[in-house]
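Remarks on the overall topology
Here is how the chains run, residue by residue.
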Amino acid sequence: SDPTGVHGSVLRVDPNSFDPRPQNPMAGDADLNAARMIATGFRNPFRMAVDSQVGRLFVGNVGGGGADEINLIEGNDLYNSGWPCYEGPGLTPNTFWLTTNICNTLIASGDHDPPMFSYGRDTTIAADEPCPNGGLAVAGLAVNRSGFGPAAMNGALFFSDYTRDCIWYLPVGADGRPDPGEATLFASGVGGIADLAFGPDGG
């Protein structure tokens, strides 16, 4: 019956009252769980980052068997990442889920938002990188608005994968958003990074 729950969802609320924010996609819904949501359909939205300059929200979603994702949430429409029916750029490799009513309904409706960026278990993220693959655990996100690095890094989205001992970034593209086609290695051999943040000095 798929009752509304908060598992695998991102909520936007008043920090003092926990009331839904008035700009939420379903702010007037009688179900408070629904009214609080701005995004749903994630397997494990382990880390998030906000672009403080433009208000975009990036969500790192750890997948099940096929792919990890970075999702871009902007505007005031409900974002649906599509788990357990979708993973990465397409349908989940777990064919059991595809037999369920929730997946049959979602796939038929087309009400699914593809990730901004994704990568598979056995694929590299940037060309000629020394990072090990075979694992999936996108585990750190940070938007560079601190003046760090050259001008080309301003607004870039940095991310890590706990299993791959590396940090990458997506530079800003022509549309002002991180460019998923230009993933660039920033550092390797750094160990299992679980989170990223810019310090008060901009580093």
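Above this text you will find the structure in question.
Attention in this report is confined to the structure presented alongside it. (Residues numbered from 1 in each chain as written. Predicted model: local features only at pLDDT ≥ 70, side-chain atom pairs only at ≥ 80, totals over all residues. Heavy atoms only, no water.)

What about the sheet that holds strand E12 (residues 166-170)?
Working definition: the strands of a sheet are paired by backbone hydrogen bonds and lie parallel or antiparallel to each other. Heads up, the rule is: Pairing between strands requires that DSSP locate at least two bridges from one strand to the other. Segments assigned H or I by DSSP are reported as helices when at least four residues long, segments assigned E as strands when at least two residues long, and all are numbered from the N terminus. Lines fitted to C-alpha atoms define the axes, with helix axes restricted to the stretch in contact, and inter-axis angles between N-to-C directions lie between 0 and 180 degrees.
Taken in spatial order, the 4 strands of this open sheet run E10-E11-E12-E13, and their pairing is antiparallel. Edge positions in the sheet fall to strand E10 (138-143) and strand E13 (184-188), since each has one partner strand and no second. Strand-to-strand twist of the sheet, defined as the mean angle between neighbouring strand axes without regard to direction, takes the value 25 degrees.

Some details on the pairing of E10
What counts, and what does not: Accessibility here uses a 1.4 Å probe with only protein chains present; expressed as a share of the type maximum, an area under 20% marks a residue as buried, one over 50% as exposed, and anything in between as partly exposed.
Burial within E10 is extensive, with 6 of its 6 residues counted as buried. Judged from the 5 bridges that link them, E10 and strand E11 (residues 157-161) form a sheet pairing that is antiparallel. When the bridges of E11 are listed, Val138 appears paired with Asp161.

Details of the environment of Pro93
So the rule is basically this: Here, residues are in contact when the closest pair of their heavy atoms is within 4.5 Å.
Tracing the backbone shows Pro93 in the loop between strand E8 (90-91) and helix H2 (101-109). Note on Pro93: relative accessible area 54%, which makes it exposed. Sequence separation of Pro93 and Ala67 is 26 residues, and the distance between their C-alpha atoms is 9.5 Å. Not counting residues up to four positions away in its chain, the partners in contact with Pro93 are Gly65, Gly66 and Glu87.

A word on the state of the cysteines
Stated formally: Only a pair of cysteine sulfur atoms within 2.5 Å counts as a disulfide in this structure description.
In this structure the tally under the stated criterion is 2 disulfides. Covalent S-S linkage joins Cys85 and Cys103, the inter-sulfur distance amounting to 2.2 Å. Between Cys85 and Cys103, the disulfide has an S-S torsion of -95 degrees and is therefore left-handed. Note that Cys85 is positioned in the loop between strand E6 (79-80) and strand E7 (86-87) and Cys103 in helix H2, a separation of 18 residues in sequence. Classification of Cys103 as buried rests on a relative accessible area of 0%. With its bonded cysteines labelled in order along the sequence, the protein shows the pairing 1-2, 3-4.

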